[in-house]
Amino acid sequence: MAFDKDLHVKYIESLDRQTDTFEYWVTEHIRISGAYWGLSGLFLLGREDVMDKEGIVTHVKKCQHESGGFGGNVGHDPHMLYTLSAVQILVLYDSMEGVDVDGIVNYIKGNQLPDGSFQGDEWGEVDHRFTYCAFNCLTLLGRLSDIDIESTVQYVKKTLNWDGGFGVAPGHESHSAYIFCCVGTLAIAERLDEINADKLAWWLCERQVPDGGLNGRPEKKSDVCYSWWVISAMAMLGRLHWIDKASLISFILKCQDTQGGIGDKPGNMADVFHTFFGLAGLSLLGFENDGVPLNPIEPIFAMPPAVLDRIGVKQRTAPQRTTVPKGTPGCL
Amino acid sequence: FCYHRGGWWGSTFHSNMDVPLLYADLLRSIHDERVMEISFDPYSGTKEITQNETEDGLVVGVPPEAAKAVMKYIWKEGRDRDEGCVDIMLMLNAEHGPSWAKRGKRLMKEGTGGVSKEERFLRLVLKMNPKSHEGWKYKAWLSRFNMAEATAEHFEADVELSLLCCERHPRNYYAWVHLLELFKNSRHATDERRLAMMKQMRDWVAARPSDHSALSFNASVFASLTCTADIKGQCLADEREALATLMNRRTGHEATWGHLRWVTSCKWSEPYDASPQSSLQFGLKQLIASVPDPTDSVLIKSEKTLEHTWASRFCSWVFRNCPPHLLTSPHTDPNLVRSIESHLEA
């Protein structure tokens, strides 16, 4: 299926109008993340103008809790995931005024545990997604130095597995999404030298399966969202060229829904999560639609580079390697 | 829809779906101590909730259409109406985080006295939704909340539930995470119990050779052993022998080749410090065996292609990651290395 930009724009825009559907209701508690995925997708397509900026900004600001963190929707409990999504939306829209930034910082600091890990909220789940949320969010706010960076780096190192990858916590099975979180955290902290980039990139490029798509771990089926988790991690490691780009682009395009948006697998219905990560993957792979590339996305922060420049976020450099090692799977 | 009630449900046959009644009966089954399991039942051939008596207790089947009708009923009628809404919401949609938070807050008010009822509810939810991340997250919180009271029976019940969920949904990440946390952190996870579990997993994988999560579990449990080097060495040898038997019988599995990388790399570190000779010999044997023959059927050719892919990647991986002194030691035959390299070049 050829890439149909207008259809995808129409799909994302329509999501906000379907307020009386069952699906809208059961995802109420994660609305703010849905808004981030949708808005970021539109930024990649150059059509962020179709959304009601004022309405979104007002709604997001109402989600800030007295603890400083943000809930997934108005009246919902705060959580690290939604705090990051909220800050990302407000930064995308350059609308941080009136937000209690100190409150956000204190909320994030309060979730850092003595071993350097982060919990998601008061219920105590520890997971590298929250580590990444903390580092990303505080960097966007210019307040990374407010937390104990070194203890987190040491905690991430403890999670390193024998295969070069990272799991949800120390000792657990390596998983592409957690690899993205750990590599992203180390990249933000400018500590990518702590890992064996070749070994990890080897594991990552083995995620490419015969249909051209990427899976999250061995023996799993391909899924469009790993088009982001895996290749952004490889981009951070400076080894994106180890992936067969043409096959992956072809796979993502096959996952487009004929009614707009992108699903997780060919033939499946679209959802906003896979739409964003599919578009982000296409952008990072340099896909061009009729000779026009999608807008760029920065792999560490999953934000447009121009937005990061605007707020003064320093560019991080990937460890360089120019040749592809002999026997590397997946490469052309 | 039709909804037929019988047995302890009570009354009548309805020609249209009586959703409030369905809601009430589903809630009753959740709280009925005789019910051991509630599951989605798309194959019952009816649109009714079914009830079967087994030797373990009552098993309740919910057709997906009935489940959707009840969920929409909760949506339209107001999900905050009563605690029952939370119970049913989680049974049918275990990913609803705010509902778990409500239950947690309720339990914290009740204290640890309410834990066994909560554990029963969680068992029902996880059996119905074995890969629910929010469900496993709540399980972990409940374990922490009740840590002081957790007995050996609790431990074994948790292991059994985790394995059931791992079986229902292969490579079930969060179920394996929970199982590993039990074996890493519980005071009931002695070395003896860990070694027994590793043996159980070898048998598990013999029937499920693509279960990479189970093999990864064994690698992590091995790392948590505190016994002597001799016992660990014997455990590793047992792991290697079971893996070799399996790989000779079932070819072309990424999971088993991945685990062979782990076994091989374990022996590179103290106190084993062993050459990769035997692993490379196996790799070469499989490279040769997986060269297709013109008379092979399509299926055999496909299996051989997979086996060749994993065997060649395994050998490449060993060459890149093995400590150089082991690769060039007198215990590693240079002719073997050259043979493999020429196969890889070809």
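Look above for the structure.
What this report covers is the structure whose coordinates are included nearby.

Rules used throughout
Residues numbered from 1 in each chain as written. Chains lettered and ligands numbered in written order. Predicted model: local features only at pLDDT ≥ 70, side-chain atom pairs only at ≥ 80, totals over all residues. Heavy atoms only, no water. Helix = DSSP H or I, 4+ residues; strand = E, 2+ residues; numbered from the N terminus. Rg over C-alpha atoms; globule rule 2.2 N^0.38 Å. Buried < 20%, exposed > 50% of the residue type's maximum accessible area, 1.4 Å probe, protein only. Contact = heavy atoms within 4.5 Å. Areas by Shrake-Rupley, 256 points an atom, 1.4 Å probe, with all protein chains shown as cover. Lys, Arg positive; Asp, Glu negative; His and termini not counted. Charge placed at Lys NZ, Arg CZ, Asp CG, Glu CD. Pairing = 2+ DSSP bridges. Buried area = accessible area lost by both parts, 1.4 Å probe. Salt bridge = Lys/Arg side-chain N within 4 Å of Asp/Glu carboxyl O. Polar contact = N/O pair within 3.5 Å; in protein donor to acceptor, adjacent residues only side chain to side chain. Nonpolar A, V, L, I, M, F, W, Y, C, P; charged D, E, K, R; others polar. Axes fitted to C-alpha atoms, helices over the stretch in contact; angles between N-to-C directions. Parallel < 35°, antiparallel > 145°, perpendicular 65-115°, else oblique. Phe/Tyr/Trp six-rings, centres within 6.5 Å; stacked < 30°, edge-to-face > 60°. Lys NZ or Arg CZ within 6 Å of the ring centre and 35° of its normal.

## Considerations on the overall build of chain B
- Within chain B, the secondary structure is distributed over 16 helices and five strands.
- For chain B, the C-alpha radius of gyration of 26 Å lies well beyond 20 Å, the compact-globule estimate for 346 residues.
- The principal-axis extents of the C-alpha atoms in chain B amount to approximately 80 × 55 × 35 Å.
- For chain B, with 346 residues in total, the buried portion stands at 53%.

## Some details on the overall build of chain A
- When you go through chain A residue by residue, the secondary structure sums to 14 helices and two strands.
- Based on the C-alpha atoms only, the size of chain A along its principal axes is roughly 55 × 45 × 35 Å.
- Within chain A, the fraction of its 332 residues that count as buried is 63%.
- Once local pairs closer than 6 in sequence are excluded, the contacts in chain A between residues at least 24 apart make up 69%.
- Here chain A has roughly 12400 Å² of accessible surface; of this, 51% comes from carbon and sulfur atoms.
- Each charge sign in chain A was given a centre, from 28 positive and 43 negative side chains, and these centres are 5 Å apart.

## Some thoughts on the pairing of strand S4 (residues 50-54) of chain B
Residue and element names in this part refer to chain B.
- Bridging between S4 and strand S5 (residues 57-62) involves five bridges; their strand directions are antiparallel. The residue of S5 that forms the bridge with Thr54 is Gly57.
- Connecting S4 to the antiparallel partner S5 that follows it, the hairpin turn spans two residues.

## Section: the interface of chain B and chain A
- Of the residues lining the interface, 48 residues belong to chain B; the matching set on chain A comes to 38 residues.
- Per-residue buried area on chain B facing chain A is highest for Trp75, Tyr173 and Arg320 of chain B; these three make up 20% of the total on that side.
- Our count for the chain B to chain A interface comes out at six salt bridges.
- A salt bridge links Glu125 of chain A to Lys137 of chain B, with the nearest nitrogen and oxygen atoms 3.6 Å apart.
- Put simply, chain B and chain A have 18 residue pairs in polar contact (both at pLDDT 80 or more) between them.
- Those elements that provide at least two residues to the side of chain B that touches chain A are helix H2 (64-77), helix H4 (97-110), helix H6 (133-145), helix H8 (173-185), helix H10 (212-223), helix H12 (254-266) and helix H14 (298-321) of chain B.
- For the side of chain B that touches chain A, the class distribution of residues is 18 nonpolar, 15 polar and 15 charged.

## Details of the packing of helix H1 (residues 19-31) of chain B against helix H5 (residues 115-128) of chain B
Residues and elements named next belong to chain B.
- Running from amino to carboxyl end, H1 crosses H5 at an angle of 120°, the nearest separation of the two axes being 10 Å. When the axis of H1 is compared with that of H5, the two are oblique. Across the interface between the two elements, Ser29, Ile30 and His31 of H1 pack against Arg120, Phe121 and Leu124 of H5.
- Among the residues making up the contact of H1 with H5, the classes are represented as three nonpolar, two polar and one charged.

## A few points about the packing of aromatic side chains
- Within the structure shown, the criterion is met by 27 aromatic pairs over all chains.
- With a centroid separation of 5.0 Å and 80° between ring planes, the pair formed by Trp37 of chain A and Phe273 of chain A is classed as edge-to-face. Placement of Trp37 of chain A in helix H3 (residues 31-45) and of Phe273 of chain A in helix H13 (residues 272-284) is noted, with a sequence separation of 236 residues between them.
- The partly exposed category is assigned to Phe273 of chain A, whose relative accessible area is 23%.
- Judged by centre distance (5.1 Å) and plane angle (80°), the rings of Trp123 of chain A and Trp141 of chain B are edge-to-face. Remark: Trp141 of chain B occurs in helix H6 and Trp123 of chain A occurs in the loop between helix H6 (101-110) and helix H7 (128-140); the pair is interchain, linking two chains. Trp141 of chain B carries the same exposure label as Trp123 of chain A, and that label is buried.
- Its end group placed over the ring of Phe121 of chain B, Arg103 of chain B keeps NZ or CZ at 3.7 Å from the ring centre.
- One residue, Arg208 of chain B, lies across the ring of Trp204 of chain B, its end atom 3.8 Å from the ring centre.

## Topic: helix H3 (residues 83-92) of chain B
- With nine of ten residues buried, H3 of chain B is to be regarded as a mostly interior element.
- Within the span of H3 of chain B, buried status applies to Gly84, Cys85, Val86, Asp87, Ile88, Met89, Leu90, Met91 and Leu92 of chain B.

## Regarding the side chain of Gln88 of chain A
- Along the chain, Gln88 of chain A turns up in helix H5 (residues 80-92).
- Overall, the relative accessible area of 3% leaves Gln88 of chain A in the buried class.

## A look at the sheet that holds S4 of chain B
Residue and element names in this part refer to chain B.
- With mixed pairing, the three strands of this open sheet are ordered in space as S3-S5-S4. A strand with exactly one partner marks an edge of an open sheet, and here the two such strands are strand S3 (35-40) and S4. For this sheet the average axis-to-axis angle between neighbouring strands, irrespective of direction, equals 20°.
- Strands S3 and S5 of the sheet are contacted by H1, whose axis makes an angle of about 135° with S3.

## Side note on the pattern of salt bridges
- Inspection of every chain in the model, using the stated rule, returns 37 salt bridges over all chains.
- Residue Asp102 of chain A is joined to Arg143 of chain A by a salt bridge in which the shortest nitrogen-to-oxygen separation is 2.8 Å. One end of the pair, Asp102 of chain A, is in helix H6; the other, Arg143 of chain A, is in the loop between H7 and helix H8 (149-158), and 41 residues separate them in sequence.
- Linked by salt bridges that have partners in common, Glu125, Asp127 and Arg129 of chain A together with Glu134 and Lys137 of chain B make up one network.

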